[in-house]
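The chain contents come next:
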Amino acid sequence: MRHDGRLPGVLVAVTKGLLILWAVPGQGGRPPTLQQIQALVRHMAEDAQELFTFYEKNQGLAINHLCRNNHPPEWLRGPETVPRGLQELRGLRGTMVRMAQALQDITRHQRDLNPPGAEILRRLASTHLKVRGLLNNLDVLYPTPSPRPGRQPPPSPAAPAKVFQKKLEGCQILWSFSRLMAKLSSQLEGKNRRARRDRQRGRRGSRLPRRS
Amino acid sequence: MMNLFTVLVVLLTLRTCSNTYPQQESIVFPVTYLNVSKDLALQQLLVEWDVGKAAHDAELAMSFEIQVHRTGVKTTVWTEFHNVTLDKSGKPLNWIWDSDFPLECMSHSVRIRSKADASKIWSQWSRWETVLGLDTSNNSGPQIFPNEKFVEEGSDINLCCIGRKGQTIKGFFLDPAIHAFNHTNSQVGLLTVKNVPHQEVSYITVYCEESCKEKQCYGHAGFFLGKPPDTPNDFSCQTQDMRIVTCTWSQGGDTYLYGRHSPNYTLFEEFSQKPVPCTASCSEQCSCSWDIGQQRICNITVTVENPLGKKTATDVFNVTHRIYPVAPFQLWEECTDTEITLYWKYQNIGIKLFCQTEVLHPDGNVEVHNSSAMDPQYVTLGGLQPYTEYTARVHCGAAKHFWRWSEWSEARTIRTKEATPSGKLDIWREITPVLGGRNVTLFWKETPNFQGNGKIISYEVTWEKVEDDSKPESISFTSVYNSTRISIDDHSYRISIMAKNNVNYSLPSILIIPRATGTKEELSGSELKEEQVTGTDDGIFISWEPRYIYDSYIVDWCNFPMLQPCDLQWKRFGPNTSSALIYSAAFAPGVRYNFRIYGSVADKASLLEKKTGYLKELPPLLDPVVENIELTSNAVTLYWDSYPTNESQPGFVRGYHVYVSPLQEDCSLKGSEKHVLPDNSVLCKYTIENPEEKRYTVKHLLSNTKYQLVVKAFTGGGETPIVNFRYIDTPFNSNILYLLVLLVTVPSLVAAICRWKMKWVQECCCPVIPSPSKSKVLSFKGFKIGSERVLKISSSNPDILAVDSKAEAQKSHPWSQLSSTPQEEKIDGHDSSWTYPKENKEREFTSTYAPQTPICFENFAYSSHLAVESNPYQISETLETSKPELPVVLYQPHHYFNICNEDAASTPQETTGRKASLRYISRTAVHCIGRRL
């Protein structure tokens, strides 16, 4: 059988697609489980890392790792403590709202630098969709009162005047976002492991013979 | 008052100067005021200066030399002469200099000197007036200039990086990397890129790095790289309804500037001096539409602009001259069998339109019909074929001030109505005699002249006797048939065939079947000789002898001669035709086609000639099978009687080739041609040019030899390669065997008989001879006869007794020498009486042999085995050829008497025999003198 070099990539893409289909529940469906959220976050962490790596190289910002600062914007710092359950993910919603807006800003800026259909625009659009997907899940989990008519979304941060500054800021946001998603994914994974361990311990404990 | 006085002084001075030439040349008006400022947005130095008021008042024409100096550059970067005529307003003078380097990068100084045109002397230079570069004292990091500039591909750009105080520039480069001239001194870095090439990205990042490591030691900037927009091409405006005007233009090449920097199009109406309220949209072409209201004359300018440039295009037009009508719609038609009237509608915009109809014919031809100017909403298309599909479409344009055609209407396919079939069917027949009559197979087809003019629904076949008025018989076939078979008797018949459509019948096609004479040959034409014809790439060429009584000729043939039915085909030719190239898509190479040529007069056809041929002859598929072989020791006769030469062959068999070769070597038989095989082995080739001659005898073969042979038939297409041979072994030649048997058997038999009858033979031929010692005659001593002394015979037996006629002969007789020669050799194991004279001695003997007449006697008692040979010379020769075996085989008898006469001894055979053979001459053979068996 002939082996196509692109096959592994295609398989990964298909797998991710199926994962998203499972992780993002349809409109009006049942609320997502913690596992679904966890799977989506894990996938988004990988995607955010890929987007950052591509952006950094594509924009010529890999020199001296200009974007990789350790001072993310406050809204991208994430929860200090490990979320204990679905309820604890409530704080993530605000972050995702801001992130969706930031991605739109970055995309708008990149449209001035790239021809329509450029790879960076495609990737930004894809990540934006995933952020919107996670937001939808969180909206199902934590319904909020519908916004009043005429109310605008929070304004995006003041646009820096210079192109390079904007590129750099976009890059820093993507770096912080990838760090946040990686951290979140890791925390959820660890929590899941602990939960499994506790369940197993509990089952073993219940099976132990009682001493009379 | 004071000013007036000054003016008077100046005028007086000039007046004086004009009168005294040397004084004029020395008048100067130095720069009294100089101010330099910078416009960083435009990167310009703004220079303002002035000369004395007197110069203004005098309205002098003056020249100013302006020099620009850049800090850190040793030479003056710019020198320019500025000519101006001063006026009395006294306003300071201005000059603007566009800097090619960012003004922030370094300080720039300007100085000026002046000269009145009437004077030859320049004033002193003014002092340098300096504008400083960027003040970097408060900078948080290195600064790069220019930043965010738009640079046109192929132009030059100069960049600089200014480090902070106390810092040196360590790195200053571009990403993506572009070849640049880099010059850095301690605090300022300069980067010059000449002829900036196109890059994958539109934004080029510039990095500058001081020698420290902290975050603030890095500076970043960038510039956009692209092209100015192209001038809008093919800019024109038109309207479909005289209200909405649409202007279109082509977009031009890529500017490589995107988003907000991509080309922006704006339209402006010059007469109304208003921007056109439309938004351009571009895909393949750009277009913009808006409502012009009642305006009829427009002057539209389209402007395309991006940060690198601006281009415009203009179109001035009268709206009524730019009518591009809406495509006609709602087409419908009325038609007859030869005419279509097509109607349509179009949008009424208050001006007259003119329309065109395009008609697509079934053969692919396209006709264009113009509609009437009076009524452009229909057109009549005439001269059409009945029951034929035509496709029509319409477009319109302004009848007056034509601008362009509208889009085509939807195409409409229309079929004309049916009409009576025109022309006649082409019909033919094949007649087969049967018991009591004939079977006639009738064929019909549509000729190019025949037009069905509708859907043919049936064919009507009618036949009737010619001679009497019997009722015609008739039969009808649906349109799927193109042949039928009818049975008729031997009378003459008249057959007619007609095609019928929904309207009517076609004219009948007539065929007369003549009265049968009863002979089979009449129908088959077997008495006619069949001629062979040759094919070409374009078909099979047939010719016939023209006979001027016929009004047409018909050639018929079968497309598939080996099948039944064979798909009979026919072709008609005019009376003046006597040859034709017959081609059919069914013709295949290697198939024999039989053609019959008929002459037709008054619908009655007669067979004239028969032809047969191939489109292309191929080599025979099968080789002749040699069924019988007659073999002798030196010839072989091959038979292949059953090999067919008929139509089953893929070509006319022209003859045969017989190939022969010995198995192990090349062939060179007498009377053959040489044929070299691909492996370079050589065969003998015999050609038989009569295909009916199916036997051949190959002669001159060697006996007892293995041969390979093959028989190949050849046609006009050649012959197939030799693949298989047949092998034969020629037998041993029995005559030689018989000879050998004779040579061995007969002497053996004789020898056996002799041995058996030895005693008798001895008695008969060589009786016991009494001992001479006992003879009284020979027992004397010193016996003399005349002068001759008679030999005294000892007790030993004499070997030879010679009686010579001459006394001299006795002296030189070889035998005496032979007996006494010391060169005699004796062979061990043999009787001591054997002598072997050496060959040289024999030559001596021969040469010295005197021509005398000795008498020789042979005692055949000692050579019995040779007695069978009547010719003693022959024996001698035989002996000579088998010299080494002489003593063993042929001289078994131990005694040989040869008493030769002179004649015999002188013959060559004798001489030869003497050379080779040994003779033992016995002195006891006296009594045998003159006797010979």
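Each chain has its residues counted from 1, following the order in which its sequence is written. Chain letters and ligand numbers both follow the written order, the letters beginning at A and the numbers at 1. For this predicted model, a pLDDT threshold of at least 70 governs which residues receive local features, and a threshold of 80 or more governs which side-chain atom pairs are given and counted, while totals over whole chains, interfaces and linings are taken from all residues. The side-chain quantities take in all heavy atoms of the structure and omit both hydrogens and water.

Helix numbering and strand numbering both begin at the N terminus, where a helix is a DSSP run of H or I of at least 4 residues and a strand a DSSP run of E of at least 2. Summing up its helical and strand segments, chain A has five helices and zero strands in all. Ordered by position from the N terminus, the helices and strands of chain A form the series α-α-α-α-α. In chain A, which comprises 212 residues, the share counted as buried stands at 40%. Here the contacts in chain A between residues at least 6 apart in sequence split such that 83% fall between residues at least 24 apart. For chain A, the accessible area works out to roughly 13100 Å², and carbon and sulfur atoms hold 54% of it. Burial here depends on accessible area, computed with a 1.4 Å probe over protein chains only, as a share of the maximum for the residue type. Under 20% is buried, over 50% is exposed, and the range in between is partly exposed. What makes two residues a contact is simply this: any of their non-hydrogen atoms within 4.5 Å. The protein chains shown are the only cover counted for residues, whose accessible areas, like all others here, come from Shrake-Rupley with a 1.4 Å probe.

Residue and element names in this part refer to chain B. On strand β35 (residues 483-488), burial follows the alternation: T484, I486 and I488 on one face are buried, whereas S483, R485 and S487 on the facing-out side are not. When strand β32 (residues 437-446) meets β35, the two strands line up antiparallel, connected through six bridges. By the bridge assignment for β35, T441 is matched with R485. Note: two strands are recorded as paired if DSSP finds a minimum of 2 bridges between them.

Between chain B and chain A, the residue contacts involve 16 residues of the former and 16 residues of the latter. Throughout, the accessible surface (probe 1.4 Å) given up by two parts as they are put together, summed over both, is called the buried area. Approximately 1400 Å² of surface area, both sides summed, lies buried where chain B meets chain A, with 58% of it carried by carbon and sulfur atoms. By definition here, a salt bridge exists when the distance from a side-chain nitrogen of Lys or Arg to a carboxyl oxygen of Asp or Glu is within 4 Å. Our count for the contact surface shared by chain B and chain A stands at one salt bridge. Residue R260(B) is joined to D112(A) by a salt bridge in which the shortest nitrogen-to-oxygen separation is 2.6 Å. A 3.5 Å cut-off defines polar contacts: any pair of N or O atoms within that distance qualifies, except that in protein one atom must be a possible hydrogen donor and the other a possible acceptor, and neighbouring residues in sequence count only when both atoms are side-chain atoms. In this structure, the connection of chain B to chain A is made through seven residue pairs in polar contact (both at pLDDT 80 or more). In terms of residue count, strand β15 (residues 218-226) of chain B provides more of the side of chain B that touches chain A than any other element does, four residues in total. When its residues are assigned to classes, the side of chain B that touches chain A shows seven nonpolar, six polar and three charged. The residue classification treats Ala, Val, Leu, Ile, Met, Phe, Trp, Tyr, Cys and Pro as nonpolar and Asp, Glu, Lys and Arg as charged. All others, Gly included, are polar.

So, about unusual backbone geometry. Residue and element names in this part refer to chain B. For the bond from F145 to P146, the omega torsion is -5°, close enough to zero to count as cis. Looking at the element boundaries, P146 is found in the loop between β8 (143-145) and β9 (149-152). Residue P176 is reached from D175 by a cis peptide bond, and omega for that bond is 0°. Along the chain, P176 turns up in the loop between β11 (169-175) and β12 (181-184). Phi is positive for Q43, close to 55°, though the residue is something other than glycine. Looking at the secondary structure, you find Q43 in the loop between β1 (31-39) and β2 (44-51).

Residues and elements named next belong to chain B. Turning to its location among the elements, N306 is positioned in strand β22 (residues 297-306). On the accessibility criterion, N306 (7% relative accessible area) is buried. Every residue in contact with N306, bar those within four places of it in the chain, is listed here: K227, P228, P229, T255, L257, H261, S262 and P263.

Glancing now at the nonpolar core. Residue and element names in this part refer to chain A. Working definition of a nonpolar core: buried Ala, Val, Leu, Ile, Met, Phe, Trp, Tyr and Cys residues. They are joined through side-chain atoms within 4.5 Å. Counting 51 residues, the largest nonpolar core has M96 and M181 as its most contacted members. With 12 residues, helix α5 (residues 163-207) is the largest single contributor of residues to this core. Contacts of M181, omitting those with residues within four sequence positions, involve V41, M44, A45, A48, M96 and L134.

Moving on to the confidence of the model for chain A. Per-residue confidence for chain A averages 78 on the pLDDT scale, and 69% of its residues sit at or above 70. Taken together, the stretch residues 149-160 of chain A has pLDDT below 50 and engages in eight contacts with residues farther than four places along the chain or on a different chain. A score between 0 and 100, pLDDT records how confident the predictor is in each residue.

The next subject is the packing of aromatic side chains. Residues and elements named next belong to chain B. Stacked, tilted and edge-to-face are the three classes assigned to paired rings of Phe, Tyr and Trp, where Trp is represented by its six-membered ring and a pair needs centres within 6.5 Å; plane angles under 30 degrees give stacked, over 60 edge-to-face, the rest tilted. For the structure shown, the criterion picks out 31 aromatic pairs over all chains. A ring pair is formed by W640 and Y656, whose centres lie 5.3 Å apart and whose planes are at 65°; its orientation type is edge-to-face. Within this pair, whereas W640 is found in the loop between β47 (636-639) and β48 (653-662), its partner Y656 is found in strand β48, the two being separated by 16 residues in sequence. Y656 matches W640 in its accessibility class, with the two residues each being buried. By the ring-pair criterion, three or more aromatic residues cluster together here, those being W557, Y583, F587, Y593 and F595. Two conditions define a charge located above a ring, namely a distance within 6 Å from the ring centre to NZ of Lys or CZ of Arg, and an angle within 35 degrees of the ring normal. The cationic tip of R322 hangs over the ring face of W403; the distance from NZ or CZ to the ring centre is 4.3 Å. Taking the ring centre of Y505 as reference, the NZ or CZ of K500 above it sits at 5.6 Å.

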